[in-house]
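Summary of structural features
Chain by chain, the residues:
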Amino acid sequence: MGINSERDIEANLQIGPTDAGMVRLFVSADSIEIPMDFEPDEAREIAEEIVAAAMAAEKAGKRG
């Protein structure tokens, strides 16, 4: 399985701060729940990666 492999799975993503000062990405699908906690600096890096991926995806979409 890779980034380009499609799956027929529906999942929900919630993002928010915890009371411990972390940023939580919470993924849930069917009976699975995956909480992922990050320091604020790590969360900013992830946000930058998401923005960069969105920009790359836009460019790829315009080529095809």
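First things first, this report covers the structure right here in the doc.

1. Side note on unusual backbone geometry
In this structure, Asp-30 is a non-glycine residue whose phi angle is positive, near 50 degrees. Look at Asp-30 and you get exposed, because its relative accessible area is 81%.

2. Focus on the pairing of strand E2 (residues 23-29)
Pairing geometry for strand E1 (residues 12-17) and E2, over six bridges, is antiparallel. Bridge pairing in E2 links Asn-12 to Ser-28. In textbook terms, the turn of a hairpin is the stretch between consecutive antiparallel strands, and for E1 and E2 this stretch comprises five residues, one of which, Gly-21, has a positive phi near 80 degrees. Pairing between E2 and strand E3 (residues 32-38): seven bridges, direction antiparallel. Looking at E3, one finds that Leu-25 is bridged to Met-36.

3. Some points on the pattern of salt bridges
Should the charged atoms of two oppositely charged side chains come close, the side chains can pair. Applying the stated criterion to the full structure yields two salt bridges. The partner of Arg-24 in a salt bridge is Asp-37, with the nearest N and O atoms 2.5 Å apart. A residue pair is termed long-range when its members are at least 10 positions apart, and Arg-24 in strand E2 and Asp-37 in strand E3 qualify at 13 residues. The salt bridge involving Asp-41 is made with Arg-44; its shortest N-O contact spans 2.8 Å. Of this pair, Asp-41 and Arg-44 both sit in helix H1 (residues 40-63), three residues apart, which is roughly one turn of that helix. Accessibility assignment for this pair places Asp-41 and Arg-44 in one class, exposed.

Parameters and conventions
- Per chain, the residues get numbers from 1 upward, laid out in the order the sequence is written.
- Under the rules for a predicted model, residues below a pLDDT of 70 receive no local features and side-chain atom pairs below 80 are neither given nor counted, while totals for whole chains, interfaces and linings still include all residues.
- Water and hydrogen atoms were dropped before computing side-chain values, which therefore reflect all heavy atoms in the structure.
- Whether a residue is buried, partly exposed or exposed follows from its accessible area with a 1.4 Å probe, protein chains only, as a fraction of its type maximum: under 20%, in between, or over 50%, in that order.
- Criterion used throughout: strands pair if DSSP finds at least two bridges between them.
- To qualify as a helix, a DSSP run of H or I must reach at least 4 residues; to qualify as a strand, a run of E must reach at least 2; elements of each kind are numbered from the N terminus.
- Only one rule defines a salt bridge in this text: a Lys or Arg side-chain nitrogen within 4 Å of an Asp or Glu carboxyl oxygen.

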